[in-house]
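# An overview of the molecular structure
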Amino acid sequence: MAAIGVQVQKPRLPHGTMFFEMFLRVLITVGSALAVILSSISVCDGRWVSAPEEPTFGVWDTCNQGSAQCGEDLMWLSQRMALVRTTVSVGVVVAIFGLELLMVSQLCEDGHAHRKWNMGSVLLLVSFLLSSTGTLTYVTLLMGTARLGTFTLLFWCQFVGVFLFFLNGISGIYFSRLAA
């Protein structure tokens, strides 16, 4: 007995689920954009530690020019800041590419959108690793000099940016596995 005229319909997702999925994708993308903005502003300025009557230790310039405290004893610090500058700057660049892939995966709903989303999330995690390595190296280099109250707002912007790279990268990967 064959059934004639029976159509098999594809199950539809409830309208609320589609809205929730799009809302989470936009939230992860906006959070990643915020992290890129915070981290890039922080890296471009680079003045992460400042205290009155002490040298300013920045990512790009180790101390204030013309200061008597910027002698031979701090030459080792300026040489090691190259590692901090490199890792943090490359971390921001990798995050920009990750953010671009997240946005493209939402705009172009083709067969590769899922892979683009995953790759963007992985790039955000790579950015987290690079940025956190640079930030922790900076803190480690200045452990004897800097105190908690001497870190500037720009350092805390970098700290929040690194945290958002991690949070958005992990969320993107987890969300992708839930949606698949």
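Residues numbered from 1 in each chain as written. Predicted model: local features only at pLDDT ≥ 70, side-chain atom pairs only at ≥ 80, totals over all residues. Heavy atoms only, no water.

### Quick notes on the overall build of the chain
Secondary structure summary: the chain contains 4 helices and 2 strands in total. Going from N to C terminus, the chain has its helices and strands arranged as α-β-β-α-α-α. Put simply, of all contacts in the chain between residues at least 6 apart along the chain, 71% involve residues at least 24 apart. Put simply, the chain shows about 11,200 Å² of open surface, and 69% of that area lies on carbon and sulfur atoms. (Helix = DSSP H or I, 4+ residues; strand = E, 2+ residues; numbered from the N terminus. Contact = heavy atoms within 4.5 Å. Areas by Shrake-Rupley, 256 points an atom, 1.4 Å probe, with all protein chains shown as cover.)

### Considering the packing of helix H3 (residues 113–141) against helix H4 (residues 153–179)
Where H3 meets H4, the closest approach of the two axes is 8 Å, and the angle between their N-to-C directions is 150 degrees. As judged from the angle between their axes, H3 and H4 are roughly antiparallel. Taken as a pair, H3 and H4 cross one another with a handedness that is left-handed. Residues that form the contact of H3 with H4 fall into these classes: 14 nonpolar, 12 polar and no charged. (Axes fitted to C-alpha atoms, helices over the stretch in contact; angles between N-to-C directions. Parallel < 35°, antiparallel > 145°, perpendicular 65-115°, else oblique. Left-handed = near helix turned anticlockwise from the far one by under 90°. Nonpolar A, V, L, I, M, F, W, Y, C, P; charged D, E, K, R; others polar.)

### Let's talk about the UniProt feature "transmembrane region" (unreviewed entry) in the chain
Taking the UniProt record as the reference, the feature "transmembrane region" (unreviewed entry) is found at residues 22–43, 82–102, 122–141 and 153–175. With 100% helix and 0% strand, residues 22–43 has end C-alpha atoms that lie 31 Å from one another. (UniProt positions renumbered as here; feature names shortened; annotations may be inferred.)

### Overview of the side chain of Ser-32
Mapped onto the elements of the fold, Ser-32 is located in helix H1 (residues 15–45). A polar side-chain atom of Ser-32 sits 2.8 Å from the main-chain carbonyl oxygen of Ile-28. Non-local contacts of Ser-32, meaning those with residues more than four positions away in its chain, are made with Leu-99, Leu-102, Leu-124 and Asn-168. (Polar contact = N/O pair within 3.5 Å; in protein donor to acceptor, adjacent residues only side chain to side chain.)

### Overview of the packing of aromatic side chains
Under the definition given, this model contains 9 aromatic pairs. Plain terms: the ring middles of Phe-19 and Phe-23 are 6.3 Å apart, the flat faces sit at 20 degrees to each other, and that makes the pair stacked. Linking Phe-19 with Phe-23, this pair stays in helix H1, spanning 4 residues, or about one helical turn. Between the aromatic rings of Trp-48 and Tyr-138, the centroid separation amounts to 4.9 Å while the plane-to-plane angle is 75 degrees, which identifies the pairing as edge-to-face. In this pair, Trp-48 is assigned in strand S1 (residues 47–49) and Tyr-138 in helix H3, connecting sequence segments 90 residues apart. Ring pairing ties together the aromatic residues Trp-48, Tyr-138, Phe-151, Phe-155, Trp-156 and Phe-159, which thus form one cluster. In this arrangement the basic side chain of Arg-25 is found over the ring face of Trp-117, its NZ or CZ atom lying 4.7 Å from the centre. (Phe/Tyr/Trp six-rings, centres within 6.5 Å; stacked < 30°, edge-to-face > 60°. Lys NZ or Arg CZ within 6 Å of the ring centre and 35° of its normal.)

### Quick notes on the pattern of salt bridges
If you walk through the whole model with that rule in mind, you get 2 salt bridges. Between Arg-25 and Glu-21 there is a salt bridge; the shortest N-O distance is 3.6 Å. Note that Arg-25 and Glu-21 are positioned in helix H1 at a spacing of 4 residues, about one turn of the helix. Notably, a salt bridge pairs Arg-47 with Asp-45, separated by 3.2 Å at the nearest N-O pair. We classify Arg-47 as partly exposed; its relative accessible area is 42%. (Salt bridge = Lys/Arg side-chain N within 4 Å of Asp/Glu carboxyl O. Buried < 20%, exposed > 50% of the residue type's maximum accessible area, 1.4 Å probe, protein only.)

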